[in-house]
Amino acid sequence: MIISFEGIEGVGKSTQIELLSSWLNKKGISVDVYREPGSTNASEKIRDILLSNDIDLSYESELLLMFAARAQLVNEKIINNSNNVFLFDRYYDASIAYQGYGRGLPLEFIEKLVKFTNCPEPKLTILLDLGVERGFERKSADVKDRIESAGVNFFNKVRGGYLSIAEANPDRIKVVDADQDPFVIHEQITTFVSKII
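The structure presented is a predicted model; accordingly, all values stated were derived computationally and were not measured. (Residues numbered from 1 in each chain as written. Predicted model: local features only at pLDDT ≥ 70, side-chain atom pairs only at ≥ 80, totals over all residues. Heavy atoms only, no water.)

## Some thoughts on the packing of aromatic side chains
Scanning the entire structure with this criterion turns up 8 aromatic pairs. Arranged with centres 4.8 Å apart and planes meeting at 45 degrees, the rings of Y91 and Y92 form a pair that is tilted. A relative accessible area of 0% places Y91 in the buried class. Overall, the relative accessible area of 8% leaves Y92 in the buried class. Each residue in the set Y34, F86, F88, Y91 and Y92 is aromatic and connected to the rest through ring pairs, giving one cluster. Over the aromatic face of F67 sits the side chain of R70, whose NZ or CZ is 4.5 Å from the ring centroid. (Phe/Tyr/Trp six-rings, centres within 6.5 Å; stacked < 30°, edge-to-face > 60°. Buried < 20%, exposed > 50% of the residue type's maximum accessible area, 1.4 Å probe, protein only. Lys NZ or Arg CZ within 6 Å of the ring centre and 35° of its normal.)

And the structure:
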């Protein structure tokens, strides 16, 4: 079972994944945590390219590299894995939001790539929603990578894209206000998770 976490920069995905992983482990449920792009040797090398400020990538190259990393992760870590739950720090909804809505690449083509790379659909997706300026405030001390440097207008498009995806998939995607205490957010997430485990 895949539970994915989505959202723009600074929404607190890592914190919530860590809290949920611990909560599931206490219930005796085995968990694997993966980040996108990454989590395999090949995918981590692709991640380095995607996030490097020294490399100028076309939007099309960015999209295809994202799916190359994702295809490797699915094939290497998900297929034939007997663990109960996989927690994803971003998954294919991120490509729809970032490269589709954000970069303006065709949504239909991205959806074909999802099918082509045999990406299993998440059982649940948590969209942690936060205003762009607030997200950047939280990450103000960090060095921005290539994608994070795209600017406020880009991230407003990405956020709007995420909300459109959520509106079209209300059964799977649950929108959570990320501008709350982390433990309040965690309680909301465990309420959703309790319904599917």
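## Some points on the sheet that holds strand β1 (residues 2-6)
Working definition: the strands of a sheet are paired by backbone hydrogen bonds and lie parallel or antiparallel to each other. An order of β2-β3-β1-β4-β5 is seen for the 5 strands of this open sheet, with the pairing classed as parallel. Each edge of the sheet is formed by a strand with only one pairing partner; in this case those strands are β2 (31-35) and β5 (173-177). Geometrically, the sheet is characterised by an average inter-axis angle of 20 degrees between neighbouring strands, direction not taken into account. On the sheet, helix α1 (residues 13-26) packs against β1, β2, β3 (85-89) and β4 (124-129) and is oriented at approximately 170 degrees with respect to β3. (Pairing = 2+ DSSP bridges. Helix = DSSP H or I, 4+ residues; strand = E, 2+ residues; numbered from the N terminus. Axes fitted to C-alpha atoms, helices over the stretch in contact; angles between N-to-C directions. Contact = heavy atoms within 4.5 Å.)

## What to know about the pairing of β4
In terms of burial, β4 is largely enclosed, as 6 of its 6 residues are buried. Pairing between β1 and β4: 4 bridges, direction parallel. Residue S4 lies in a different strand from β4, and its bridge partner there is T125. Both β4 and β5 contribute to a ladder of 5 bridges, which runs parallel. Looking at the pairing, D129 lines up with D177 of β5.

These results come straight from atomic positions and should not be treated as a statement about function.
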